[in-house]
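# Breakdown of the fold
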Amino acid sequence: MLKNVLSTENFYYSIGMDISRSFQWLSENASPELHSLPLLQKVDKKFVWNAKLSEKFDTVEFSKFIQPLIHGFVGIRRCRVNNLSFNLALISRRSVYRPGVRFHTRGADSEGNCANFVETEQLVEFDVGGKSSNSSTNNKKVVTSRHIASFIQIRGSIPLYWTQKPNLKWQPTPSLKSSADEQFNCFKQHLNNLLDCYGRDALTGNPRKIVKIFIFCKTFFHVGNRDVTG
């Protein structure tokens with residue numbers, strides 16, 4: 001079993017940086033207290049695939065020997081466009097909640113966790129140069145400052161209770177389970193999770209759109225007390 005796990009592809013780790021969290025989150029929440037914590041205590045455990053196995057070793061004595069692993073993709077390239085050079089990085093983080101193969105794992109759970117949820121972050125690191133003058137010597141020198149731009153996209157299964165059992169058809173018919181109220185609560189919990197993680201404006205750009213999403217979902221599944229099945 002150990003050999004099989006170690007030979008599995010697409011697991012990544014970083015010694016110098018917490019790659020379980022986006023650069024956006026790190027830049028907004030960085031603090032001396034956070035940096036002083038062991039790496040396993042400051043990671044986002046929904047993207048750390050060995051977090052459960054490492055719980056009993058999460059002590060001061062052993063924490064430095066535990067290396068958090070993410071599952072997904074990490075790629076870094078040096079690029080040049082129109083005589084401008086920059087570093088381009090792409091990091092995809094797959095959630096530990098409800099992973100599985102297509103058709104067999106669909107929908108969300110009662111905590112709003114979608115099947116096969118993936119957060120992908122694009123990072124662009126570039127230098128911006130300018131000239132500053134020295135008043136005493138009238139000499140000018142080029143001063144560069146480093147900038148990092150981050151863009152995040154997320155994907156996952158539709159946040160409802162539904163299944164799509166494989167059969168001989170090319171596209172099996174999806175089937176909704178549970179009542180309309182339970183479906184709505186599942187969708188609402190998922191959206192609340194996204195708002196807590198990424199912020200209201202980052203998701204919609206307009207808070208009124210969130211209200212429209214809630215109204216649409218509740219109207220779409222409002223069929224009284226009977227179950228919604230397909």
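The name that an unreviewed UniProt entry assigns to the chain is Phosphatidylinositol-3-phosphatase SAC1, with the source organism given as Meloidogyne enterolobii.

Our next topic: empty space enclosed by the protein. Enumeration according to the criterion identifies one cavity of 30 Å³ or more in this entry. Space inside the largest cavity adds up to approximately 50 Å³. Y13, S14, M17, D18, I19, S20, L39, V43, Q67, P68 and I70 are the residues that line the largest cavity. Residue composition of the lining of the largest cavity, by class: seven nonpolar, three polar and one charged.

This next bit is on the pattern of salt bridges. Scanning all chains against the criterion turns up six salt bridges. Residue K52 pairs with E55 through a salt bridge whose shortest N-O separation is 3.6 Å. A residue is classified by how much of its surface remains accessible, and K52, at 63% relative accessible area, is exposed. A salt bridge links D127 to R146, with the shortest nitrogen-to-oxygen separation between them at 3.0 Å. Here the residue D127 occupies a position in strand β4 (residues 118–134), and R146 occupies one in strand β5 (residues 139–155), the gap between them amounting to 19 residues.

Reading the values: the criteria
Residues numbered from 1 in each chain as written. Predicted model: local features only at pLDDT ≥ 70, side-chain atom pairs only at ≥ 80, totals over all residues. Heavy atoms only, no water. 1 Å grid on protein atoms, 1.4 Å probe; cavity = no way out; pocket = protein on both sides within 12 Å on 5 of 7 lines; lining within 4 Å. Points joined across faces, edges and corners; volume = space filled by probe spheres on them. Nonpolar A, V, L, I, M, F, W, Y, C, P; charged D, E, K, R; others polar. Salt bridge = Lys/Arg side-chain N within 4 Å of Asp/Glu carboxyl O. Buried < 20%, exposed > 50% of the residue type's maximum accessible area, 1.4 Å probe, protein only. Helix = DSSP H or I, 4+ residues; strand = E, 2+ residues; numbered from the N terminus.

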